[in-house]
Amino acid sequence: MKTEESYLEEVTASEYKYGFYTNIEADKVPPGLSEEVIRIISAKKQEPEWMTEWRLDAYRKFQKMTEPKWPNVTYPEPDLQAISYYSAPKKKKELESLDEVDPELLDTFKKLGISLEEQKRLTGVAMDVVVDSVSVKTTFKEKLGELGIIFCSMSEAIQDHPELVKKYLGTVVPKTDNFYAALNSAVFTDGSFCYIPKGVRCPMELSTYFRINEAGTGQFERTLVIADESSYVSYLEGCTAPMRDENQLHAAVVELVALDDAEIKYSTVQNWYPGDKDGKGGVYNFVTKRGMCERNAKISWTQVETGSAVTWKYPSCILKGENSVGEFYSVAVTNNYQQADTGTKMIHLGKNTKSTIISKGICAGHSNGSYRGLVKIGPRAENARNFSQCDSLLMGNGCGSHTFPYIETQNKSAKIEHEATTSKIGEDQIFYCNQRGIGEEEAIALIVNGYCKDVLNQLPMEFAVEAQKLLAISLEGSVG
Amino acid sequence: MLKINNLQAEIEGKSILKGIDLEVKPGEVHAIMGPNGSGKSTLSSVIAGREEYEVTGGNIDFEGEDLLDLGADERAHKGIFLSFQYPVEIPGVTVTNFIKTAINETRKARGQETMPANVMLKMMREKMSLLEIDNAFLSRSLNEGFSGGEKKRNEIFQMAMLEPKLAILDETDSGLDIDALRIVANGVNKLKSKNNAVIVITHYQRLLEHIVPDYVHVLYKGKIVKSGTKDLALELEAKGYDWLKEGVEA
Ligand SMILES: Nc1ncnc2c1ncn2[C@@H]1O[C@H](COP(=O)(O)OP(=O)(O)O)[C@@H](O)[C@H]1O
Ligand SMILES: [Mg+2]
């Protein structure tokens, strides 16, 4: 039997092989979107009839929808007919050495500390590496299997666990939820699936690394996590993308289902290519993430968002069951010409439901960051409680930060607290650090990490370290 | 060690320092006194390298090197420490983390290895007992919610950890009660050696009873208008500054 270490080594090695370049011959569907294309995707994936129909239904609904215009971002509308909706690596080309990789990218990885050596230390982390649209590798499956935990690609889940997929897919984020969710429902090619059986505490962090790889390929992942009654899972999702010249559309859907007494902790570090210093290129990241909490269930979203050119994303919780708890911890960094409109929705439906929102925005350069949050208390949500803290930190004078808190209450017993601050990294703080021998870049990293501490503390240890470094890199050269 | 020669500085076009001369040798303690607004904090900021102040004339030599060519962090690496009159808050950054970063960044700049955690911990314990600081202090956010006295004590704690060659204490005594003053002064005295020097900026004779200066200078309207020994401080305490002002205004 393989040791955990050698297994990880193999996985991380393959990550370098497949993860970071496009030197893979892809089996690619020509650009364009039509029923025909959807049938091809479904056929290529050898999907059952019900799945094909599900997609086509979504597509028909999608055709009647329009792109949302309310987020506080501007960008040229992506040409959906120019996108190729399916590509699968046909041949895994071995590379002689890392010399063939974009040195700038390697440099970033080095700074992030994701060296092979360090990855080896991440024992206890199972990874499901998604390259373009097909899962290349799933680890620790057997070990998880002993506990009845299913952790596999969405494609596999459709084949092997159709009853679970049928029962839950689209129940938290309906096909018609929004334009990009509908598009995703029609064309999603892969993603991750996770099921934790009743009463099982998943013994390790489940981790998926998504990577966008093929030029001009939109990525439409679909993630479904189901925590059955009284179970627990901590799920990590992180991503990096290679330097890119053209815009890449990314429209993922993530659905979490926490049944009675279950808990899901979902952590994301999002680091896609944000475009260059002049705002050229970069990923469009339009994501729908939502969780459903039944009785006494808890869903906790933690995100560190540093990447993408344009982002809109609102990981949300529907607190349906009594005593259920929703949490949202977010750090969103924008620099140069990045735009982000992100936040959360806490929908309180059940009695004694509780939610906490901690949002830390950091804007630098000419960027624009918005927090948009909705706290909704339904008529039957007796004694619902919410606490929101939304802070923004500005660096320089060229950036903009906005806060849009929405509160809708239909029950008088609700207690809602909202706090917001806006601050600037002061020259005083920098000088104070300088005077102690701490240079400017280090000083900014220190101050920013301190500011984000409440959120970073929510991340699993090794992720927190990576996130700290990422924050520092994202803000390099942004003061002066 | 430090030679300041005809130093002139301004901020926002307003001239503040108007020709300062000062020489500090290793092992010496200098006190700088003077009414509010005379430029004491400006002088310490300029020595420490705060960029908002523009040096319009003169020079500062530190151990044979022109300080004005160096950034604030580089001056710190050379061994210059400023205890701030108004220490700055950095939310979410613990005292420990801040000091650890300061020490290791300084060591890195000097081409030294990072300080092993156990060595640092031991050093922290020593200096904490010297300054009668308790453990809980270390995990608090830097200066956030600190009382005036805690802030000043924290400055001296950092000084003790960084072991500078030249320490400038800008009104470190303000905000300290008598006991705290004694503890801090005692700490400063323990850290004194024949190789380092201290510039104490204060309004009060009180501190100088504990940290005894070799020289006392009076700064007024951006100039040193009088220098003397520790007796000058006593005289100022008794007579105030007015008798010195007259000479300048004339
Ligand atoms: N940042 C600043 N902007 C404008 N004026 C300043 C600034 N800092 C200091 N000054 C002015 O410089 C003069 C000297 O101030 P300071 O050095 O703080 O004096 P002291 O420390 O002796 O009380 C004062 O008139 C003060 O108003
Ligand atoms: Mg002052």
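Notes on the structure in this doc start here. Note that the structure is a prediction, hence the values are computed from the model and not measured.

1. What about the layout of surface pockets?
In this structure, the second largest pocket occupies an estimated 1000 Å³ of space. For the second largest pocket, the lining is made up of 31 residues, of which A:Glu442, A:Leu446, A:Asn449, A:Gln468 and B:Asn97 are closest to its centre. Of all elements in the fold, only helix 11 (440-451), helix 12 (453-456) and helix 13 (461-474) of chain A together with strand 7 (90-94) and helix 3 (95-109) of chain B reach the threshold of two or more residues within the lining of the second largest pocket. Looking at the lining of the second largest pocket residue by residue, the classes come out as eleven nonpolar, eleven polar and nine charged.

2. Regarding the coordination of the magnesium ion (ligand 2)
All names here are of chain B. The protein atoms that coordinate the magnesium ion (ligand 2) are Ser41 (OG) and Gln85 (OE1), at distances of 2.0 to 2.1 Å. In this pair, Ser41 sits in helix 1 (residues 40-48) while Gln85 sits in the loop between strand 6 (80-83) and strand 7, placing the two residues 44 residues apart along the sequence. By relative accessible area, Gln85 is classed as buried at 16%.

3. Section: the pairing of strand 10 (residues 197-201) of chain B
All names here are of chain B. Of all five residues that make up strand 10, five are buried, and the element is covered over most of its length. Along strand 10, one buried face is formed by Ala197, Ile199 and Ile201 and the opposite face, lined by Val198 and Val200, is buried too. Of the pairings in the sheet, the one linking strand 3 (residues 29-33) to strand 10 comprises four bridges and is parallel in character. Within strand 10, the residue paired with Val29 across the bridge is Val198. In this structure, strand 9 (residues 166-170) lies alongside strand 10, joined through five bridges in parallel fashion.

4. Details of the packing of aromatic side chains
Evaluated as defined, the whole model comprises 16 aromatic pairs over all chains. Both rings, one in A:Phe151 and one in A:Tyr235, keep their centres 6.2 Å apart while their planes meet at 85 degrees; by these two values the pair is edge-to-face. Taken together, the residues A:Phe151 in strand 5 (residues 150-153) and A:Tyr235 in strand 9 (residues 232-240) connect sequence positions 84 residues apart. In this structure A:Phe151 comes out as buried when scored by relative accessible area, which is 1%. Overall, the relative accessible area of 1% leaves A:Tyr235 in the buried class. Measuring from centroid to centroid gives 5.1 Å for B:Phe137 and B:Phe146, while their planes differ by 45 degrees, and the two rings are tilted. On the basis of relative accessibility, which here comes to 8%, the residue B:Phe137 falls in the buried class. A relative accessible area of 7% places B:Phe146 in the buried class. Positioned above the aromatic ring of A:Tyr432, the side-chain terminus of A:Arg436 is 4.7 Å from the ring centre. The ring of B:Trp243 carries B:Lys239 above its face, with NZ or CZ at 4.2 Å from the centroid.

5. Here we look at the site of ligand 1
Residues and elements named next belong to chain B. As a structural note, the neighbourhood of ligand 1 is formed by 13 residues, with Ile16, Gly37, Lys40, Ser41 and Thr42 the closest of them. With respect to ligand 1, the side chain of Lys14 contributes an N or O atom lying 3.4 Å from an oxygen atom. Contact distances for ligand 1 include 3.0 Å between an oxygen atom and a backbone N or O atom of Gly39. Of all the elements in the fold, those that place two or more residues in the shell around ligand 1 are strand 2 (14-24) and helix 1.

6. Topic: empty space enclosed by the protein
Residue and element names in this part refer to chain A. For the coordinates displayed, the defined rule picks out nine cavities of 30 Å³ or more. For the largest cavity, the calculated volume is near 170 Å³. In this structure, the largest cavity is lined by 23 residues; those nearest its centre are Ser359, Gly361, Gly369, Ser370 and Tyr371. Of all the secondary-structure elements, those providing two or more residues to the lining of the largest cavity are strand 17 (325-334), strand 18 (339-348), strand 19 (354-363), strand 20 (368-377), strand 21 (385-394) and strand 22 (400-409).

7. Considerations on the nonpolar core
Counting residues in hydrophobic clusters, the biggest one holds 114 residues, and the most contacted among them are A:Ile362, A:Val448, B:Leu2, B:Ile4, B:Phe98, B:Phe157 and B:Leu166. Those residues in contact with B:Phe157 that lie beyond four places of it in its chain are B:Val95, B:Ile99, B:Met124, B:Lys127, B:Met128, B:Leu131, B:Ile133 and B:Leu138. Within the second largest apolar cluster, 53 residues are counted, among which are A:Leu33, A:Trp54, A:Val172 and A:Leu224.

8. Quick word on the sheet that holds strand 10 of chain B
Residues and elements named next belong to chain B. One open sheet accounts for six strands, arranged 6-9-10-3-11-12; its pairing is mixed. In this open sheet, the two strands that pair with only one neighbour each are strand 6 and strand 12 (223-228). In this sheet, adjacent strand axes meet at a mean angle of 20 degrees when their direction is disregarded. Against the sheet, helix 1 makes contact with strand 3, strand 6, strand 9, strand 10 and strand 11 (215-220), and its axis sits at roughly 150 degrees relative to strand 9, the strand it touches most.

9. Digging into the packing of helix 10 (residues 427-435) of chain A against helix 11 of chain A
Residue and element names in this part refer to chain A. Their axes nearest at 9 Å, the elements helix 10 and helix 11 cross at an angle of 120 degrees. Here helix 10 lies oblique to helix 11, going by the angle between them. The way helix 10 lies across helix 11 gives a crossing that is right-handed. Contacts from Gln429, Ile430, Cys433 and Asn434 of helix 10 reach helix 11 at Glu440, Ala443, Ile444, Leu446 and Ile447. Grouping the amino acids of the contact of helix 10 with helix 11 by side-chain chemistry returns six nonpolar, two polar and one charged.

10. Some remarks on the sheet that holds strand 2 of chain B
Residue and element names in this part refer to chain B. An order of 2-1-4-5 is seen for the four strands of this open sheet, with the pairing classed as antiparallel. Unpaired on one side and paired on the other, strand 2 and strand 5 (65-66) mark the two borders of the sheet. Note: strand 1 (residues 2-11) against strand 2, eight bridges, orientation antiparallel. Bridge pairing links Gln8 to Lys18 in strand 2. With respect to the sheet, helix 1 is in contact with strand 1, strand 2 and strand 4 (54-62), its orientation differing from that of strand 1 by roughly 110 degrees.

11. Considering the pattern of salt bridges
All names here are of chain A. Enumeration over the complete set of coordinates arrives at 26 salt bridges over all chains. Among the salt bridges present, the one from Lys69 reaches Glu77, with a minimum N-O distance of 3.2 Å. As far as the burial class goes, Lys69 and Glu77 line up, both exposed. Salt bridges linked by common partners bring Glu35, Arg39 and Arg60 together as one network.

12. Structural notes on the state of the cysteines
Residue and element names in this part refer to chain A. All told, the structure shown has zero disulfides over all chains when counted by the stated rule. Here Cys202 is not cross-linked by a disulfide; its sulfur's nearest cysteine counterpart is in Cys194, at 6.5 Å. For Cys202, a relative accessible area of 7% translates into the label buried. The thiol of Cys293 is not disulfide-bonded; the next cysteine sulfur, from Cys317, is found 5.4 Å away. We classify Cys293 as buried; its relative accessible area is 0%.

13. Regarding helix 10 of chain A
In an α-helix there are 3.6 residues to a turn, and that puts residues three or four apart on one side. Residues and elements named next belong to chain A. Counting buried residues along helix 10, seven of its nine residues qualify, which places the element largely inside the surrounding structure. Where helix 10 is concerned, the buried positions are Gln429, Ile430, Phe431, Tyr432, Cys433, Asn434 and Gln435. Downstream of helix 10 by a residue or two, Gly437 has a phi angle that is positive, lying close to 95 degrees.

Cut-offs applied
- Residues numbered from 1 in each chain as written.
- Chains lettered and ligands numbered in written order.
- Predicted model: local features only at pLDDT ≥ 70, side-chain atom pairs only at ≥ 80, totals over all residues.
- Heavy atoms only, no water.
- 1 Å grid on protein atoms, 1.4 Å probe; cavity = no way out; pocket = protein on both sides within 12 Å on 5 of 7 lines; lining within 4 Å.
- Points joined across faces, edges and corners; volume = space filled by probe spheres on them.
- Helix = DSSP H or I, 4+ residues; strand = E, 2+ residues; numbered from the N terminus.
- Nonpolar A, V, L, I, M, F, W, Y, C, P; charged D, E, K, R; others polar.
- Donors = N, O, S within 2.8 Å, 3.2 Å for Na, K, Ca; no water.
- Buried < 20%, exposed > 50% of the residue type's maximum accessible area, 1.4 Å probe, protein only.
- Pairing = 2+ DSSP bridges.
- Phe/Tyr/Trp six-rings, centres within 6.5 Å; stacked < 30°, edge-to-face > 60°.
- Lys NZ or Arg CZ within 6 Å of the ring centre and 35° of its normal.
- Near = heavy atom within 4 Å.
- Polar contact = N/O pair within 3.5 Å; in protein donor to acceptor, adjacent residues only side chain to side chain.
- Core = buried A, V, L, I, M, F, W, Y, C linked by side-chain atoms within 4.5 Å.
- Contact = heavy atoms within 4.5 Å.
- Axes fitted to C-alpha atoms, helices over the stretch in contact; angles between N-to-C directions.
- Parallel < 35°, antiparallel > 145°, perpendicular 65-115°, else oblique.
- Left-handed = near helix turned anticlockwise from the far one by under 90°.
- Salt bridge = Lys/Arg side-chain N within 4 Å of Asp/Glu carboxyl O.
- Disulfide = S-S within 2.5 Å.

Function-wise, these values are silent; they only describe arrangement.
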